[in-house]
Amino acid sequence: MRILGIDTSLRSTGVGIVEEQGSKIIPLYYGVIKTVSGHRLSDSLLQLQEELEKIITEYEPQFVAVEGIFYARNVKTAMLLSHARGALISQCAKQGLPVFEYEPRKVKMAVGGYGGAKKEQIQEMVKTLLHLNKKPPHDAADALALAITHLHNKTAIRLNTVKPI
């Protein structure tokens, strides 16, 4: 099973792909899609879609895990995040990939063992779980954590208690 995790942001979207091989979780790719501040929103959204399309084409994931919508104090930030999230989910749908969403606390619990874990703790746990030589960037670590969470939920997916969005 090959999973693409996406930690959505307009300017710094984390992506990570893991594959289950027996009882091991193997990292295949992780990185950050950066867009330029000051570019038109439409250009940034198109760039996100195009970069994600390249990653999907190269690594051929079977499932996608994204972070669920969360409360944001700044309305403008929430709207920009929603635009980016919609563009990325749309690209996944265009590629025929089922997309599953996970609440941030559930991801922290699955990877860090504590729903209130800090970003640095998640980064360290991802490094440990995937046997990486160094900690991945925060956004990439969050994306990998989403992919790992999806793997931990495969029984619920088979039982149809966790459904794609």
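Quick look at the structure, then. Quantities reported herein were computed from a predicted structural model and do not represent experimental measurements.

## As for the environment of Val111
Now for step 1: Within the secondary structure, Val111 sits in helix 3 (residues 104-112).
Now for step 2: Given the relative accessible area of 4%, Val111 is considered buried.
Now for step 3: Each C-alpha atom, one on Val111 and one on Ala93, is 26 Å from the other, the two residues being 18 residues apart in sequence.
Now for step 4: Ignoring anything within four residues of it in the chain, the contact list for Val111 reads Ile122, Met125, Val126, Leu129, Ala145, Ile148 and Thr149.

## Considering the pairing of strand 4 (residues 63-67)
Along any regular strand, the residues point their side chains to alternate faces of the sheet.
Now for step 1: When strand 1 (residues 2-7) meets strand 4, the two strands line up parallel, connected through four bridges. Opposite Ile6, over in strand 4, you have Val66 as the bridge partner.
Now for step 2: As defined by bridge partners, strand 4 adjoins strand 5 (residues 99-102) across four bridges and the pair is classed as parallel. Considered in strand 5, the bridge of Glu67 is made with Tyr102.

## Structural notes on the pairing of strand 2 (residues 12-21)
Now for step 1: With eight of ten residues buried, strand 2 is to be regarded as a mostly interior element.
Now for step 2: By the bridge criterion, six bridges tie strand 1 to strand 2 in an arrangement that is antiparallel. Each bridged residue has a counterpart across the sheet, and for Arg2 the counterpart in strand 2 is Glu19.
Now for step 3: Where strand 1 hands over to strand 2, the hairpin turn is made up of four residues, counted between the paired strands.

About the cut-offs
- Residues numbered from 1 in each chain as written.
- Predicted model: local features only at pLDDT ≥ 70, side-chain atom pairs only at ≥ 80, totals over all residues.
- Heavy atoms only, no water.
- Helix = DSSP H or I, 4+ residues; strand = E, 2+ residues; numbered from the N terminus.
- Buried < 20%, exposed > 50% of the residue type's maximum accessible area, 1.4 Å probe, protein only.
- Contact = heavy atoms within 4.5 Å.
- Pairing = 2+ DSSP bridges.

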